[in-house]
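# An overview of the molecular structure
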Amino acid sequence: MNRFEKALDLICEFNKINNSENFGEQIFSNLKKIFRFNSGYIFYTNSTKPEYFFNKKVNSINDIDESYLIEDLLYKKTPFGKIIITGSNFSENDKKIFKACASVIANITKDEEISKILKMQIHAFQEGFDKVKKSNEKITKLEKTKTDFISRISHELRTPLNSILGFSDLLEKEFVGKLNNKQKEYINDIKISALHLLGVINEVLDITKIEANAMKLNITHFSAQQALNEVINVIKPLLIKKHQTLNTKIPEDIEIKADYQKLRQILFNLLSNAVKYTRENGKIIVKCIKKENKIYISIKDNGIGIEKKNLKKIFNKFEQLDRNQENSTGLGLAITKELVKLHRGAIKLVSIPEKGSTFTVILPIQ
Ligand SMILES: Nc1ncnc2c1ncn2[C@@H]1O[C@H](COP(=O)(O)OP(=O)(O)O)[C@@H](O)[C@H]1O
Ligand SMILES: [Mg+2]
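These numbers were taken from a predicted model, which means no experiment stands behind them.

## A closer look at the sheet that holds strand 4 (residues 78-86)
Read across the open sheet, the four strands follow the order 2-1-4-3; overall the sheet is antiparallel. The open sheet has two edge strands, strand 2 (50-54) and strand 3 (68-75), and neither has a second partner. Within this sheet the neighbouring strands show an average axis-to-axis angle of 15°, counted without direction. Where strand 1 (residues 40-44) meets strand 4, five bridges bridge the pair, whose relative direction is antiparallel. Looking across to strand 4, one finds that Y41 is bridged to I84.

In structure tokens:
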């Protein structure tokens, strides 16, 4: 076996090199079996520093002060780096053998380079992922603190408000003595303010719960008439204030299977909107019908109505068509829609500007 054949034999050994940490070392120790050289380098294109070196470190090819053999590392005929060995007295045969070595090394080096880039990317990805995970945990914790705080504070506010409403009711019904007209008017005003505040608190609490996915249904059977009458009773002071009339068409025998509290909230939101967005002396009609497997509750007003382009928009959070509207959060319809959705129901809206609006809640009977 001549030296040339022996060298080719040894070149095959390059393919045994695996992508390990001491990749460069393995390359140069293999080369050592084939050549006598002093130092060796692998440079990648676009990099001044050698990626791997053997024996002596330099910062650029220009710093190599000995004679050397140099070969391009090619991938698909495009050079992506260079391999260099230094020493003296390299023969023509050495040059040929080194060229053969370089092409084998190029193949395995390209793999190494790609796997290195992949490793770097995976590392960066992992780091980013860890960071996001950590900040998500933090946000979830903060969200929970916020939700807990809001539900506590809402409870604290609601309790005295309910007693303000309760006692105004007692006064208004003249259980404790006759009232003159002025006193009646003022009691109504107290109720309206308390009611408004209660509405805002409920809205903030509800949207917080919905956003925290903490809204749970407590399903019971109850009469549609009872639920509607209760809400109408709560709304009454607002109707009186605006001299609006309210007609109802609610059959006695319709039973609803839903969350009582939440259905009341839905009806309260729609009815208070009907009152709010209808002028003085306006007319509101509440109807309930059962058809096929569904219950339809509609609230119709002859108020200001809504333009077609805004019909969808008003169900978004904080969406108000009239920014100057007092006593408004812009949350009512967003909550209403979510509450109806939780009941696997739907809400329909038909409206004509200056003529009025009809909101219909459709609930499955189940
Ligand atoms: N019955 C209605 N008639 C006319 N416009 C309405 C009616 N109900 C709701 N809107 C419009 O939809 C908007 C959103 O309603 P809502 O979410 O209840 O918020 P808010 O009543 O607090 O403003 C209102 O600001 C109003 O512009
Ligand atoms: Mg509203």
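We are not done yet, so read on.
## Description of the pattern of salt bridges
The tally for this structure, following the rule as stated, stands at 19 salt bridges. Between D65 and K56 there is a salt bridge; the shortest N-O distance is 3.5 Å. Relative accessible area serves as the criterion here: at 60%, D65 is assigned to the exposed category. Looking at K56, the relative accessible area reads 39%, which means it is partly exposed. Put simply, K191 and D169 hold a salt bridge, and the shortest N to O gap is 2.7 Å. Here K191 is found in helix 4 (residues 181-211), whereas its partner D169 is found in helix 3 (residues 92-172), with 22 residues between them in sequence. Since its relative accessible area comes to 9%, K191 is described here as buried. Among the residues examined, D169 registers a relative accessible area of 25% and is labelled partly exposed. Beyond isolated ion pairs, a larger network of salt bridges with shared partners links D169, E172, K173 and K191.

## Some points on unusual backbone geometry
With a phi angle near 50°, E292 is a residue other than glycine that sits in the positive phi range. Counting through the fold element by element, E292 comes out in the loop between strand 8 (283-291) and strand 9 (294-301). The class for E292 is exposed, based on a relative accessible area of 72%. We note that F318 has phi near 60°; this positive angle belongs to a residue other than glycine. Looking at F318, the relative accessible area reads 47%, which means it is partly exposed.

Rules of the game
- Residues numbered from 1 in each chain as written.
- Chains lettered and ligands numbered in written order.
- Predicted model: local features only at pLDDT ≥ 70, side-chain atom pairs only at ≥ 80, totals over all residues.
- Heavy atoms only, no water.
- Pairing = 2+ DSSP bridges.
- Helix = DSSP H or I, 4+ residues; strand = E, 2+ residues; numbered from the N terminus.
- Axes fitted to C-alpha atoms, helices over the stretch in contact; angles between N-to-C directions.
- Salt bridge = Lys/Arg side-chain N within 4 Å of Asp/Glu carboxyl O.
- Buried < 20%, exposed > 50% of the residue type's maximum accessible area, 1.4 Å probe, protein only.

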